[in-house]
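Structural features, examined
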Amino acid sequence: MKDCYKILGVSRNATTAEIRHAYRKKAKLLHPDITGQSSDAFIELKQAYDTLSDLKSRELFDESYKFHNTQQQKKASAQSFNYRQWLLERTDDESRAKLIIFDLLRNNEDNAVKEFKRMNMERPGFRLARWFTREDFMDFGFILSEELVLRQEYYDAVILLEQIIKMEYSYSYFRLFFPEVLSLARHILRNNIENAYGEELAIDAWERALEMRLGRDDDIYFLNRMSEAYKKMGDMETARICMEEAKNIERSKK
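So, here's what we can say about the structure. Residue positions are given per chain, counted from 1 along the sequence in the order it is written. With the structure being a predicted model, the display of local features is reserved for residues of pLDDT at least 70 and the display and counting of side-chain atom pairs for 80 or more, all residues being used for whole-chain, interface and lining totals. Processing note: side-chain calculations cover all non-hydrogen atoms of the structure and skip hydrogens and water entirely.

1. Here's the deal with the pattern of salt bridges
Should a side-chain nitrogen of Lys or Arg be within 4 Å of a carboxyl oxygen of Asp or Glu, the pair is scored as a salt bridge. Overall, the coordinates contain 22 salt bridges when judged by the stated rule. With its nearest N and O atoms 2.6 Å apart, the salt bridge here joins Asp103 to Arg84. Separated by 19 residues along the polypeptide, Asp103 in helix H7 (residues 93-104) and Arg84 in helix H6 (residues 83-88) bring together distant segments of the chain. With a 1.4 Å probe rolled over the protein chains alone, any residue whose accessible area is under 20% of its type maximum counts as buried; one over 50% counts as exposed, and the rest are partly exposed. A relative accessible area of 3% means that Asp103 is categorised as buried. Put simply, DSSP marks the helices as runs of H or I at least four residues long and the strands as runs of E at least two long, and each gets a number from the N terminus on.

2. Some remarks on the packing of helix H8 (residues 109-122) against helix H9 (residues 134-150)
Axis geometry follows a simple rule: fit a line to the C-alpha atoms, using only the stretch in contact for helices, then measure angles between N-to-C directions, giving values from 0 to 180 degrees. In contact at an axis separation of 10 Å, H8 and H9 are set at 95° when each is read in the N-to-C sense. With respect to each other, H8 and H9 are oriented roughly perpendicular. Each of Glu109, Val113, Phe116 and Lys117 in H8 lies in contact with H9, whose residues at this interface are Leu144, Glu147 and Leu148. Tallied by class, the residues present in the contact of H8 with H9 amount to four nonpolar, no polar and three charged. Oblique is the label for any angle not covered by the other classes, which are roughly parallel (under 35 degrees), roughly antiparallel (over 145) and roughly perpendicular (65 to 115). Every residue pair with non-hydrogen atoms within 4.5 Å of one another is taken to be in contact. Nonpolar residues are Ala, Val, Leu, Ile, Met, Phe, Trp, Tyr, Cys and Pro. Charged residues are Asp, Glu, Lys and Arg, and all others, Gly as well, are polar.

3. Here we look at the nonpolar core
Buried Ala, Val, Leu, Ile, Met, Phe, Trp, Tyr and Cys residues that are joined via side-chain atoms within 4.5 Å together make up what is termed a nonpolar core. In this structure, Leu128, Phe137, Leu144, Ile188, Leu189 and Ile193 are the most contacted members of the largest nonpolar core, which totals 54 residues. Breaking this core down by element, the ones donating at least two residues are H7, H8, H9, helix H10 (154-170), helix H11 (178-191), helix H13 (199-210), helix H14 (216-232) and helix H15 (236-252). For this core, the element with the most residues is H10, which contributes ten residues. With near-sequence residues (within four places) excluded, Ile188 lies in contact with Val149, Tyr154, Ala157, Val158, Leu161 and Ile193. Membership of the second largest hydrophobic core comes to 17 residues, among which are Cys4, Leu52, Phe61 and Tyr65.

4. Here's the deal with the side chain of Asp218
Within the fold, Asp218 resides in helix H14. The residues touching Asp218, leaving out its near neighbours within four places in the chain, are Arg186 and Arg190.

5. Some words on empty space enclosed by the protein
Rolled over the atoms, a probe sized like a water molecule indicates the empty space that remains. A cavity, in this analysis, means grid points on a 1 Å lattice covering only the protein atoms where a 1.4 Å probe fits yet has no way out; a pocket is instead an open set bounded by protein on both sides within 12 Å along at least five of seven lines, and a residue lines either one if it has an atom within 4 Å of a point. Grid points are joined across faces, edges and corners, and a volume is the space filled by probe spheres set on the points. Tallied over the entire structure, the rule returns one cavity of 30 Å³ or more. As for the largest cavity, its lining consists of Phe116, Asn120, Phe126, Arg127, Leu128, Ile159, Leu160 and Gln163. Those elements that provide at least two residues to the lining of the largest cavity are H8 and H10. For the lining of the largest cavity, the leading source of residues is H10, giving three residues. Its residues assigned to classes, the lining of the largest cavity comprises five nonpolar, two polar and one charged.

6. A look at the packing of aromatic side chains
Note on ring pairs: Phe, Tyr and Trp rings are taken, using the six-membered ring of Trp, and paired if centres are within 6.5 Å. Classes follow the plane angle, with under 30 degrees stacked, over 60 edge-to-face and the rest tilted. Applying the stated criterion to the full structure yields nine aromatic pairs. Ring geometry for Tyr155 against Tyr197: centres 6.1 Å apart, planes inclined by 65°, an arrangement best described as edge-to-face. Of this pair, Tyr155 sits in helix H10 while Tyr197 sits in the loop between helix H12 (193-196) and H13, and the two are 42 residues apart along the sequence. For the pair Tyr221 and Phe222, a centre-to-centre distance of 5.7 Å together with 75° between the ring planes defines the contact as edge-to-face. With relative accessibility at 0%, the residue Phe222 sits in the buried group. The criterion is that NZ of a Lys, or CZ of an Arg, lies within 6 Å of the ring centre and within 35 degrees of the ring normal, and then a charge sits over that ring. Between Arg106 and the ring centre of Phe102, over which it is positioned, the NZ or CZ distance is 3.9 Å.

7. A word on the environment of Leu144
One can find Leu144 in helix H9. Residue Leu144 is classed as buried on the basis of its relative accessible area of 0%. With 16 residues separating them along the chain, Leu144 and Leu160 place their C-alpha atoms 8.3 Å apart. Look past the residues within four positions of Leu144 in its chain and what remains in contact with it is Ile100, Leu104, Val113, Phe116, Leu128 and Leu160.

8. Quick word on H9
Its 17 residues place the ends of H9 24 Å apart at the C-alpha level, agreeing with the 24 Å of an ideal helix rising 1.5 Å per residue. Along its buried surface, H9 packs onto H7, H8, H10 and H11. One or two steps after H9, the chain reaches Gln152, where phi turns positive at roughly 60°. Each helix should span, by expectation, one fewer than its residue count multiplied by 1.5 Å.

Geometric descriptors of this kind do not, in isolation, establish any biological role.
Here it is in structure tokens:
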């Protein structure tokens with residue numbers, strides 16, 4: 001928005017007489033009769049004078065310009081504020097959670113994954129879900145779990161998917177897309193966990209899988225894998241219990 005006062009070269013509290021004097025002075029230099037050609041600068045000068053020489057139009061301009069200037073200042077302030085840096089400098093859980101998602105959604109996935117893993121390791125009670133609406137967490141969480149899988153961070157992906165799946169069971173949100181969530185969890189738990197981690201962490205992941213309700217065939221598979229893992233650890237009694245539970249599920253299918 002052009003500043004009529006600046007165009008005429010007068011202060012914002014200029015009197016009507018000062019405005020007229022400034023107009024006549026500049027018009028002598030810009031008028032087509034003097035320059036011999038049409039001038040955009042003269043047209044702009046005339047419009048500014050018409051605006052400020054009328055009391056009502058001047059009041060309207062003053063209000064409009066003030067609002068415009070305020071909006072521009074707010075915009076400039078927002079642009080100069082580095083939100084990511086502000087989050088980065090804070091250590092509370094909420095800021096770190098929002099930093100993870102900020103990076104995740106702005107093509108900075110490596111940092112998002114790194115920070116998520118760090119928070120999970122250093123702060124066992126850390127939960128992304130606490131700082132977002134249920135729907136936002138489920139969307140962001142699934143995107144983050146896919147990024148974790150791409151970086152072979154399978155156990156962390158399982159923890160995240162477990163939260164999302166349990167939320168879906170308590171409140172349907174993904175609906176038609178939920179099979180995609182289950183499919184990713186199933187694939188990780190069947191194909192990636194055993195060879196990527198030791199027995200204890202693998203057992204923990206499979207125990208979580210039993211809570212995901214992936215299906216009886218999956219539960220049988222996980223219980224059998226748990227049984228084998230317990231045998232390797234020398235816990236034959238727990239291995240037997242897992243094997244019996246798997247057989248019970250198998251018998252219930254008949």
